[in-house]
Amino acid sequence: MPEKRVVITGMGWITPLGFDVDSVWAKLLSGMTAVRPLTRFPGETFATSFASEVREFELFNFLDHRAARYAEAAVGSRFALAAAMQAWVHAGLGSHLGPRLGEEGSPDIDPRRFGVYLGAGEGKIDLPAFATSTHAGWDPEARSLDVRAWAETAGASYTRVAEFEQEPSAALSHVAREFGLRGPVGNCVTACAAGAQCVGEAAELIRRGDADLMLTGGSHSMIHPLGMSGFIRLTAMSTRSDDPTTASRPFDSTRDGFVMGEGAGMLVIEDLEHARARGANIVAEIAGYGSSADAYRITDIDPEGEGAAIAMRAALQQAGIDPAERLDDGRPPVQWINAHGTGTQENDAIETKAVKLTFGELAGDIPFTSVKSMLGHLIQAAGTVELITCVKAIETGWIPPTINLESPDPRCDLDAVPNEARDTDGRIDTCLSNSFGFGGQNDSVCITRYVP
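Reading the values: the criteria
- Residues numbered from 1 in each chain as written.
- Predicted model: local features only at pLDDT ≥ 70, side-chain atom pairs only at ≥ 80, totals over all residues.
- Heavy atoms only, no water.
- Helix = DSSP H or I, 4+ residues; strand = E, 2+ residues; numbered from the N terminus.
- Contact = heavy atoms within 4.5 Å.
- Salt bridge = Lys/Arg side-chain N within 4 Å of Asp/Glu carboxyl O.
- Buried < 20%, exposed > 50% of the residue type's maximum accessible area, 1.4 Å probe, protein only.
- Patch = residues over 30% accessible without salt bridge, like charges linked within 9 Å, V, L, I, M, F, W, Y side chains within 5 Å.
- Areas by Shrake-Rupley, 256 points an atom, 1.4 Å probe, with all protein chains shown as cover.
- Core = buried A, V, L, I, M, F, W, Y, C linked by side-chain atoms within 4.5 Å.
- Pairing = 2+ DSSP bridges.
- Expected span 1.5 Å × (residues − 1).

A.B. asks: So what's going on with the environment of Cys192? Residues and values would help.
C.D. replies: Topologically, Cys192 is positioned in the loop between β7 (185–187) and α8 (194–207). C-alpha separation for the pair Cys192 and Gly76, spaced 116 residues apart in sequence, amounts to 15 Å. Every residue in contact with Cys192, bar those within four places of it in the chain, is listed here: His340, His377, Ile379, Ser435, Phe436, Gly437 and Phe438.

Below, the structure is given as structure tokens:
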């Protein structure tokens, strides 16, 4: 039996640059940045006092009256719901007011064959309750925690909703409930790789016949005191507080770390024959997916880039693409690589090595840019949001720039499309999107133009 083809029929996102796919894409092509001083909490004393925040977001703008039941959900769950609703509508599955699958008036789709696979991150800790109970339970004379006193205060301070929303599975539960999806479900927490891995794994569920459609994507926010301070302690974040708008500078010799972002990206993907049968608008095809582990160190990337190269090669192999062969018209086999491109010294140089390992002599002919220079790093949401940019690149023929690239690092000598977007006259048919996670997870997804 030939392998099933998996296509994208719906897209939605919540990003620091806005919420509408086309308008955000236009901002990315213009080189606009979302990085600003922190407003979510007082961060003046932090080494990094800026971030790429989602601003002016209201769930009621996406779920109408039903949003009230999610009023207490964590911000990551709310982002996921809003992006999912956009993808749902874009896929022609219903309106904002439409019924759940399986209810009267819903699309004629078996909810048992429609699954959910997210790369959703943990919610923030209930810091006031945590601090209150810890303070109440601390015995200064014994210099230890009085567990009974702690528990008494915690019982009065903590709420069930806030505790549930800390779980990475919370967004998954909300999305499945909202749309009535009863098919295969999963959530991966593979750090910065999760937004790509969830899409790849969801596609595999369809390929092997376990589902006809999947609602899949990443959602996360770590813009809170513990989330920010953890990465600051790791010295992974930029400290360019004097000029935050230029802080995210992948491939530049003066880069000093990534910029924290937040948001969500969601896709409706489905079996090609199922999409054709229901008359869906197909926007692109998921042609290949590759996943690997560095098996090196928890806090360091494999310095030779072999782990990342394994993931890229696997994605290209599944897509039937030879990375060493030009197309008949002379183009390289991939016309744009969306780089993981975080802006840390290690990631950018090693990812460059990995691309060279994968494409050999053709590596220098492939544009290799990082939209994190404008969006910041959306952590577990990054991979899916960046996959959507690949679809838009195929649709429009434009490649977004890497901004703030003024002094290129000699170790990062690929075509980073510095500072200005590039018009290819529609010559983009294949994109490769990289997402590499803390701890050595590597995921690559190959997106191609849909050809019947």
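A.B. asks: If you had to explain the pattern of salt bridges to someone new, which residues and values would you point to?
C.D. replies: Pairing of side chains with opposite charge becomes possible as their charged atoms draw close. In this structure the tally under the stated criterion is 29 salt bridges. Taking the shortest distance from any N to any O, the salt bridge between Arg411 and Asp409 comes out at 3.0 Å. Relative accessible area serves as the criterion here: at 45%, Arg411 is assigned to the partly exposed category. Between Asp415 and Arg422 there is a salt bridge, with its nearest N and O atoms 2.6 Å apart.

A.B. asks: How would you explain a nonpolar patch on the surface if you had to name every residue and give the values?
C.D. replies: Judged by side-chain polarity, Leu127, Phe130 and Leu226 come together as a nonpolar surface patch covering roughly 240 Å² of accessible area. The partly exposed category is assigned to Phe130, whose relative accessible area is 37%.

A.B. asks: Can you lay out the nonpolar core for me, pointing to particular residues and giving the numbers?
C.D. replies: Nonpolar side chains in soluble globular proteins tend to end up buried together. Counting 49 residues, the largest nonpolar core has Ile8, Met11, Leu28, Met214, Ile269, Ile286 and Ile447 as the members making the most contacts within it. With sequence-adjacent residues up to four places away left out, Leu28 is seen in contact with Trp13, Leu17, Met374, Leu375, Thr389, Pro400 and Pro401. By size, the runner-up hydrophobic cluster in this structure holds 37 residues, among which are Ala84, Leu93, Phe114 and Ala171.

A.B. asks: Could you give an account of the sheet that holds strand β1 (residues 6–14), with specific residues and numbers?
C.D. replies: Spatially, β7-β4-β8-β9-β1-β10-β16-β15-β11-β12 is the arrangement adopted by the ten strands of the open sheet, whose pairing is mixed. Edge positions in the sheet fall to β7 and β12 (368–369), since each of these pairs with one other strand and no more. One ladder, built from nine bridges, connects strand β8 (residues 213–221) with strand β9 (residues 262–271); its direction is antiparallel. Residue pairing for β9: Ser219 is matched across the bridge by Ala264.

A.B. asks: Give a detailed account of helix α11 (residues 306–318), specifying residues and quantitative values.
C.D. replies: Taking 1.5 Å per residue as the helical rise, α11 with its 13 residues ought to reach 18 Å, and the 18 Å between its terminal C-alpha atoms agrees with that figure. Listed in full, the buried residues belonging to α11 are Gly307, Ala308, Ala309, Ala311, Met312, Ala315 and Leu316. For α11, the elements touching its buried residues are β10 (284–293), α12 (345–359), β15 (430–437) and β16 (441–448). Remark: Gly320 follows α11 within two positions and exhibits a positive phi of approximately 75°.

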